[in-house]
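A closer look at the structure
One letter stands for each residue in the lines below.
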Amino acid sequence: MALSERLNINPDKVPNIKFGLHLAQLVLVIAIFILEIVIFTADDSKINGNNGWPFGLCFLTIPAWIYLALAPRYERTRRVANPNVMLVVDSIFAIFWLSAFASQAAYNTANDCGKACKVSKAIVGLAFFELFAWILSTLVSTYTLRYYQQNGDLPGYEKMDSHQNIDPDKAAFSMAPHDEEAYAPINMDDHNDDNDDHQNRPYDPDSYGSLGSRPVYEAESSYTPHHTSSPAPHENPFDNSYRTQGATSPHPDPFSNAYAAQAGPQIYAPPAHDDYDDGRPVQFPTANYDRTLH
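What counts and what doesn't
Residues numbered from 1 in each chain as written. Predicted model: local features only at pLDDT ≥ 70, side-chain atom pairs only at ≥ 80, totals over all residues. Heavy atoms only, no water. UniProt positions renumbered as here; feature names shortened; annotations may be inferred. Helix = DSSP H or I, 4+ residues; strand = E, 2+ residues; numbered from the N terminus. Buried < 20%, exposed > 50% of the residue type's maximum accessible area, 1.4 Å probe, protein only. Contact = heavy atoms within 4.5 Å. Axes fitted to C-alpha atoms, helices over the stretch in contact; angles between N-to-C directions. Parallel < 35°, antiparallel > 145°, perpendicular 65-115°, else oblique. Left-handed = near helix turned anticlockwise from the far one by under 90°. Disulfide = S-S within 2.5 Å. Phe/Tyr/Trp six-rings, centres within 6.5 Å; stacked < 30°, edge-to-face > 60°. Patch = residues over 30% accessible without salt bridge, like charges linked within 9 Å, V, L, I, M, F, W, Y side chains within 5 Å. Areas by Shrake-Rupley, 256 points an atom, 1.4 Å probe, with all protein chains shown as cover. Salt bridge = Lys/Arg side-chain N within 4 Å of Asp/Glu carboxyl O. Core = buried A, V, L, I, M, F, W, Y, C linked by side-chain atoms within 4.5 Å.

The protein chain goes by MARVEL domain-containing protein in an unreviewed UniProt entry, where it is assigned to Xylaria arbuscula. Recorded in UniProt for the protein chain, the comment headed Subcellular location (unreviewed entry) runs: "Membrane".

Next comes the structure, spelled out in structure tokens:
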């Protein structure tokens with residue numbers, strides 16, 4: 001009879017139980033860490049090895065949590081999750097927290113806590129529950145080792161891979177449909193299929209619709225004045241907004257005043273280069289330069 005059947009334990013629940021125990025240990029250690037700092041800053045309290053060991057053990061336990069809680073849960077790191085090593089690590093840290101519990105209690109007995117004795121007693125209580133949580137995780141590691149010896153794999157961890165390898169298109173928050181039509185092709189053509197001219201000439205802008213023989217971007221609109229003659233070939237169609245009726249194409253020189261002979265507002269043109277004389281001296285504007293600030 002298998003060990004899980006004799007103990008009436010579901011092997012699939014072992015990973016969650018082990019992870020929950022280590023998570024509870026982490027919460028308790030954070031509380032111990034904060035209370036130890038309170039003792040360090042309290043009046044008449046001493047800092048020695050009795051309260052320094054539990055404080056330092058809070059940091060020393062972090063690598064153990066990373067190995068025990070995370071290494072067996074992932075396929076790539078499971079090769080280092082040896083059940084014998086996990087049992088040894090759990091047992092060692094159970095002994096460590098037993099010593100931390102006794103060390104903090106001895107700190108209170110020596111009356112080294114000053115005005116923070118109540119806080120120190122709270123640390124002793126939290127250290128006891130921390131020790132109890134490590135004893136439970138050691139028992140779970142013992143079961144894991146026995147299961148591994150009988151079945152050749154870790155209890156419950158191998159089945160976690162089948163739940164993690166979910167099709168991303170069918171994930172819980174995916175927008176893809178979850179029925180048998182999940183991989184059906186989607187029609188992404190938003191154009192009108194009745195426009196045969198566009199199908200024959202997909203890259204011709206005239207195929208998207210025109211006004212007479214003119215492209216759609218040269219059609220009359222509220223932003224362009226009406227004119228009788230069609231624009232000259234090879235002209236920029238976007239220059240229509242600056243023309244008056246019957247106007248011709250602007251001068252190719254961008255700095256020339258092409259609209260000087262036309263009425264209405266004119267486009268600003270910078271002065272020509274010949275207006276500047278680099279050889280003449282600098283002339284300041286006329287002003288009262290004798291005025292100074294006092």
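Some details on the overall build of the protein chain
For the protein chain, the helix and strand inventory stands at eight helices and two strands. Mapped in sequence order, the helices and strands of the protein chain form the string α-α-α-α-α-α-α-α-β-β. Split into buried and exposed, the 294 residues of the protein chain put 28% on the buried side. Taking all contacts inside the protein chain whose residues are at least 6 apart in sequence as the whole, residues at least 24 apart take part in 62%.

Considering the packing of helix H2 (residues 14-40) against helix H4 (residues 62-70)
Two quantities define a packed helix pair, namely the angle between the axes and the distance from one axis to the other. Running from N to C, H2 and H4 point in directions that differ by 160 degrees, and their axes come no closer than 9 Å. Taken together, the axis directions place H2 and H4 in an arrangement best described as roughly antiparallel. When you trace H2 past H4, the crossing you get is left-handed. Residues Lys18, Phe19, His22, Gln25, Leu26 and Val29 of H2 form the contact with H4, whose own contacting residues are Trp65, Leu68, Ala69 and Leu70.

Description of the state of the cysteines
Per the stated rule, a full pass over the model turns up one disulfide. Across a sulfur-sulfur distance of 1.9 Å, Cys113 and Cys117 are joined as a disulfide pair. Linking Cys113 and Cys117, the disulfide has an S-S dihedral of approximately 80 degrees and is accordingly described as right-handed.

Topic: the packing of aromatic side chains
To describe a pair of aromatic rings, one takes the distance between the centres and the angle between the planes. Here the structure, examined in full by the defined rule, presents ten aromatic pairs. Between Phe128 and Phe129, the ring centres sit 5.7 Å apart and the planes meet at 75 degrees, which makes this aromatic pair edge-to-face. Phe128 sits in the partly exposed class, given a relative accessible area of 42%. Between Tyr143 and Tyr147 the ring centres are 6.2 Å apart and the planes differ by 40 degrees, which places this aromatic pair in the tilted class. Pair noted here: Tyr143 and Tyr147 are both in helix H6 (residues 117-151), with a separation of four residues, about one helical turn. No difference in accessibility class separates Tyr143 from Tyr147, as the two residues are buried. Each member of the aromatic cluster is reached from another via a ring pair, and the members are Phe33, Phe40, Phe55 and Phe59.

A few points about the environment of Ile34
Among the secondary structure elements, Ile34 is positioned in helix H2. Separated by 89 residues in the primary sequence, Ile34 and Ile123 place their C-alpha atoms 9.7 Å from one another.

Topic: a nonpolar patch on the surface
The grouping of Phe19, Leu23, Leu26, Val27, Ile30, Ile34, Val38, Phe59, Ile62, Ile66, Leu70 and Tyr74 at the surface amounts to a nonpolar patch, some 1,100 Å² of accessible area in total. Of all elements in the fold, only H2 and H4 reach the threshold of two or more residues within the nonpolar patch. Here the nonpolar patch gets seven residues from one element, more than from any other, and that element is H2. Within the secondary structure, Phe59 is located in helix H3 (residues 49-60).

A short note on the UniProt feature "transmembrane region" (unreviewed entry) in the protein chain
The sites that carry the UniProt feature "transmembrane region" (unreviewed entry) are, in the present numbering, residues 21-40, 52-71, 83-102 and 122-145. Helix makes up 100% of residues 21-40 and strand makes up 0%, while its end C-alpha atoms are separated by 29 Å. Summarising residues 83-102: 100% helix, 0% strand, and an end-to-end C-alpha distance of 29 Å.

With respect to the nonpolar core
In terms of nonpolar packing, the biggest core is built from 26 residues, with Trp97 and Trp134 touching the most fellow members. Per-element tally for this core: the top contributor is helix H5 (residues 83-109), with seven residues. In contact with Trp97, not counting residues within four places along its chain, are Val29, Ile32, Pro54, Leu57, Cys58, Thr61, Glu130, Leu131 and Trp134. Formed by five residues, the second largest nonpolar core is a distinct cluster that contains Val14, Val140, Tyr143 and Tyr147.

With respect to the environment of Leu70
Assignment of secondary structure puts Leu70 in helix H4. Leu70 sits 55 residues away from Pro15 along the chain, and the two C-alpha atoms are 9.9 Å apart. Sequence-distant contacts of Leu70, that is, excluding residues within four places in its chain, are made with Phe19, Trp65 and Thr77.

Observations regarding unusual backbone geometry
In the Ramachandran plot, Asp44 falls in the positive-phi region, its phi being about 65 degrees despite a non-glycine side chain. Its identity as a non-glycine residue notwithstanding, Asn111 has a phi of 55 degrees, on the positive side. Structurally, the position occupied by Asn111 is in the loop between H5 and H6.

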